[in-house]
Amino acid sequence: NTSADLFYARGNAYYILEAFDPALNDLNQAVALNDDHAITYFHRGNLLYQESKLEEAIKDYNKAEELGSTETLLFFKRGIGHWGREKERGNNNCS
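This is a predicted model, so every value here is computed, not measured.

Enquirer: Help me understand the side chain of D26, please; the structure alone is not making it clear to me.
Expert: For D26, the location among the structural elements is in helix α2 (residues 20-33). Engagement of the side chain of D26 in a polar contact is seen with the side chain of R10, the distance being 2.5 Å.

Enquirer: Is there a simple way to explain the packing of helix α1 (residues 2-16) against helix α3 (residues 38-50) in this structure?
Expert: Any two packed helices are characterised by the angle at which their axes cross and by the distance between the axes. Viewed as axis vectors pointing N to C, α1 and α3 meet at an angle of 25°, and their least axial separation amounts to 11 Å. As summarised for this structure, α1 and α3 are arranged roughly parallel, according to the angle between their axes. Crossing angle aside, the handedness with which α1 passes α3 is left-handed. Within the contact between the two elements, α1 uses Y8, N12 and Y15 and α3 uses I39, T40, H43, N46, L47 and Q50. For the contact of α1 with α3, a count of residues per class yields four nonpolar, five polar and no charged.

Enquirer: Just to check I follow, could you spell out unusual backbone geometry for this structure?
Expert: Backbone phi values are negative for most residues with the exception of glycine, while trans is the configuration of most peptide bonds. In this structure, E18 takes a positive phi of about 65° despite not being glycine. One non-glycine residue, S52, lies in positive phi territory at about 65°. Among the structural elements, S52 can be located in the loop between α3 and α4 (54-66).

Enquirer: I keep staring at the environment of E56 and nothing clicks. Help me out?
Expert: Among the structural elements, E56 can be located in helix α4. Distance from E56 to G81, taken between C-alpha atoms, is 9.6 Å for residues 25 residues apart in sequence.

Enquirer: I keep staring at the pattern of salt bridges and nothing clicks. Help me out?
Expert: Note that side chains of opposite charge can pair when their charged atoms are close. With the rule as written, the count across this model stands at three salt bridges. Taking the shortest distance from any N to any O, the salt bridge between R44 and D60 comes out at 2.6 Å. Taken together, the residues span a long stretch of sequence, with R44 in helix α3 and D60 in helix α4 at a distance of 16 residues. Comparing R44 with D60, the two get one shared label, buried. In this structure, the salt-bridge partner of K63 is E66, at a minimum N-O distance of 3.2 Å. Placement of both K63 and E66 in helix α4 is noted, with a separation of three residues, approximately one turn of the helix.

Enquirer: For this particular structure, what's the right way to read the packing of α2 against α3?
Expert: Where α2 contacts α3, the axes come no closer than 10 Å and their chain directions differ by 150°. By the angle between their axes, α2 is roughly antiparallel relative to α3. Judged by the sense of rotation from one axis to the other, the crossing of α2 with α3 is left-handed. For the pair formed by α2 and α3, the contact residues are F20, A23, L24, L27, N28, A30 and V31 on the first element and T40, Y41, H43, R44, L47, L48 and Q50 on the second. Classifying every residue of the contact of α2 with α3 gives nine nonpolar, four polar and one charged.

About the thresholds
Residues numbered from 1 in each chain as written. Predicted model: local features only at pLDDT ≥ 70, side-chain atom pairs only at ≥ 80, totals over all residues. Heavy atoms only, no water. Helix = DSSP H or I, 4+ residues; strand = E, 2+ residues; numbered from the N terminus. Polar contact = N/O pair within 3.5 Å; in protein donor to acceptor, adjacent residues only side chain to side chain. Axes fitted to C-alpha atoms, helices over the stretch in contact; angles between N-to-C directions. Parallel < 35°, antiparallel > 145°, perpendicular 65-115°, else oblique. Left-handed = near helix turned anticlockwise from the far one by under 90°. Contact = heavy atoms within 4.5 Å. Nonpolar A, V, L, I, M, F, W, Y, C, P; charged D, E, K, R; others polar. Salt bridge = Lys/Arg side-chain N within 4 Å of Asp/Glu carboxyl O. Buried < 20%, exposed > 50% of the residue type's maximum accessible area, 1.4 Å probe, protein only.

What follows is the structure, given as structure tokens:
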């Protein structure tokens with residue numbers, strides 16, 4: 001889907017420029033137009049992770065894996081997201 005690709009590309013450009021709100025808007029639009037593009041979920045997960053929205057980031061990382069992504073960084077960041085979420089919940093075994 002060409003429109004989804006354009007929103008994805010612009011969303012990533014905004015992310016690089018640290019314009020996180022417009023980046024998230026564009027990545028959301030890319031997902032709405034093409035919900036089977038693993039890399040879009042991965043990059044949106046990165047943005048959500050950066051914004052400390054760990055539950056949402058983990059969901060996007062899971063979706064990216066479900067769609068076939070083998071991006072090594074996905075697994076690392078998802079693990080760190082789980083760790084951060086447990087720390088937020090007060091689990092002291094996450095040191």
